[in-house]
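So the chains spell out like this:
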Amino acid sequence: MTVKHDATAETGERRADPLAGSEARPTWLADRPNTASRNQPRRSSSRSYAALDLGTNNCRLLIAEPAHFGFRVVDAFSRIVRLGEGLGLGNQLSEEAIDRTIEALRVCRDKMQAKDVARARLVATEACRLAENGPAFIERVRDELDLELEVVDRKTEAFLAVTGCAALADPKAESVIVFDIGGGSTEIAWLDGAPPHAFADPCTRVRAWDSLPVGVVTLAERHGGIDVTRESFEGMVEEVTELLLDFTLAASKAGQATNFHLLGTSGTVTTVGGIHLGLARYDRRRVDGMWMRNGEISTVIDRLLYSDFEQRAANPCIGRDRADLVLAGCAILEAIRRAFPSDRLRIADRGLREGILMNMMREDSVWRKGSQR
């Protein structure tokens, strides 16, 4: 497997095995001797699992129970918090961003308690990896909310994203480029070979992977996201293309395989899908798993480039909170499309959280227990 050296894995950082997932007995409440008994994990027969993804732009929670094949979602939460706001220009999490995130995490904690979650994994990604005050933020979350956030390294993040969305890859495809465009980083992996069976671990097929230190928030902050010209858009594409070069070389044979296609997971690709469908309101059921042709993607990107900020904000699949970020995401998507030309892109409204859930349930052998048959 070809990998780039991960300079973010500093000594003492909480690390995780991307193939094994969480530890044998993880806890989502901080292990603190003085914590009152009411805040300790309860012994219960709950079958609920929870996965939380705290990214540079969003805080997302998914609570699910094992089902016959996979899992059934019982609750979900998503809020734009922009924790990494300003990281494209500095290395500090702002107090305003921290306060917004704390409030979102409070909602997540209350939801997990209400659903009597038995096992959970709460991960933080690029913003907490990069910020100098990231450890202080993690400690504040522990002190105020009794939640234990795990700052995962880039390899873990990439492999969890693959685990979460690989089920949507064409089973006849012998090569797939999987990517996750985040707020502060972009993860990309090459799945080489067809899956041996439907329940095989997709990470065993990863031939090459990389984590680019660029996402929609950081790219928009450097190039501007409100007034985007075709020239500034091309500037963003060029920056990402340069960062993508090592992976492009490592996965240079990916496009030669039978039924090769792209598989994308992120707000960028789901937004592109929703705009293409002309949705009056975003509908995950219609977007998750949809296929788009190369020309259809280009048409949506061109439409966004000819739209001003207010027009983008008025689009029901974008909204004002993301109107300044969507073209930065499209620039990352465009760089990937140019590096790996394909007439097919499959869109996944699933990813890291689903990967976390699948790993925890696989570790607990829930699909081999008699109750799940």
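Refer to the structure above for everything that follows.
What counts, and at which threshold
- Residues numbered from 1 in each chain as written.
- Predicted model: local features only at pLDDT ≥ 70, side-chain atom pairs only at ≥ 80, totals over all residues.
- Heavy atoms only, no water.
- Helix = DSSP H or I, 4+ residues; strand = E, 2+ residues; numbered from the N terminus.
- Buried < 20%, exposed > 50% of the residue type's maximum accessible area, 1.4 Å probe, protein only.
- Contact = heavy atoms within 4.5 Å.
- Areas by Shrake-Rupley, 256 points an atom, 1.4 Å probe, with all protein chains shown as cover.
- 1 Å grid on protein atoms, 1.4 Å probe; cavity = no way out; pocket = protein on both sides within 12 Å on 5 of 7 lines; lining within 4 Å.
- Points joined across faces, edges and corners; volume = space filled by probe spheres on them.
- Nonpolar A, V, L, I, M, F, W, Y, C, P; charged D, E, K, R; others polar.
- Polar contact = N/O pair within 3.5 Å; in protein donor to acceptor, adjacent residues only side chain to side chain.
- Core = buried A, V, L, I, M, F, W, Y, C linked by side-chain atoms within 4.5 Å.
- Pairing = 2+ DSSP bridges.
- Axes fitted to C-alpha atoms, helices over the stretch in contact; angles between N-to-C directions.

**Describing the overall build of the protein**
Logical step 1: Helix and strand counts for the protein come out as twelve helices and eleven strands.
Logical step 2: Sorting the 373 residues of the protein into buried and exposed places 56% on the buried side.
Logical step 3: Of the contacts made within the protein by residues no fewer than 6 positions apart, 76% connect residues no fewer than 24 positions apart.
Logical step 4: Carbon and sulfur atoms make up 48% of the accessible area of the protein, which amounts to about 16600 Å² in all.

**As for empty space enclosed by the protein**
Logical step 1: Within this structure, the stated rule accounts for one cavity of 30 Å³ or more.
Logical step 2: When its volume is computed, the largest cavity comes out at roughly 30 Å³.
Logical step 3: Forming the boundary of the largest cavity are Leu262, Asn294, Ile297, Arg337, Ser342 and Leu345.
Logical step 4: Along the lines of polarity and charge, the residues of the lining of the largest cavity split into three nonpolar, two polar and one charged.

**As for the side chain of aspartate 170**
Logical step 1: Locating aspartate 170 in the fold gives a position in the loop between helix 4 (154-165) and strand 6 (175-181).
Logical step 2: Within the structure, aspartate 170 has its side chain in polar contact with the backbone nitrogen of lysine 172 (distance 2.9 Å).
Logical step 3: Setting aside anything within four residues of it in sequence, one finds aspartate 170 in contact with Asn259, His261, Trp291 and Arg344.

**Quick notes on the nonpolar core**
Logical step 1: By size, the foremost hydrophobic cluster in this structure holds 53 residues, and its most contacted members are Ile177, Phe179, Phe233 and Phe247.
Logical step 2: At nine residues, helix 11 (residues 326-339) tops the list of elements feeding residues into this core.
Logical step 3: Beyond its immediate stretch of four places on either side in the chain, phenylalanine 247 contacts Ile177, Ile188, Ala189, Trp190, Ala208, Trp209, Asp210 and Phe340.
Logical step 4: Listed in part, the 31 residues of the second largest apolar core include Ile63, Leu83, Ile98 and Ala127.

**Focus: the sheet that holds strand 4 (residues 119-124)**
Logical step 1: The mixed open sheet is built from five strands, whose spatial order is 3-2-1-4-5. Of all the strands in the sheet, just strand 3 (70-80) and strand 5 (150-151) have a single pairing partner and so form its edges.
Logical step 2: Two elements, strand 2 (residues 58-67) and strand 3, share ten bridges in a ladder whose sense is antiparallel. Along strand 3, the bridge assignment pairs alanine 67 with glycine 70.
Logical step 3: Packed on one face of the sheet, helix 1 (residues 95-114) meets strand 1 (49-54), strand 2, strand 3 and strand 4 and runs near 155° to strand 3.

**Observations concerning the side chain of arginine 322**
Logical step 1: Take arginine 322: it is sitting in the loop between helix 10 (309-314) and helix 11.
Logical step 2: Looking at arginine 322, its side chain comes within polar contact range of the main-chain oxygen of isoleucine 318, at 3.5 Å.
Logical step 3: Residues in contact with arginine 322, not counting those within four places in the same chain, are Ile80, Arg82, Gly267, Thr268, Thr271 and Cys317.

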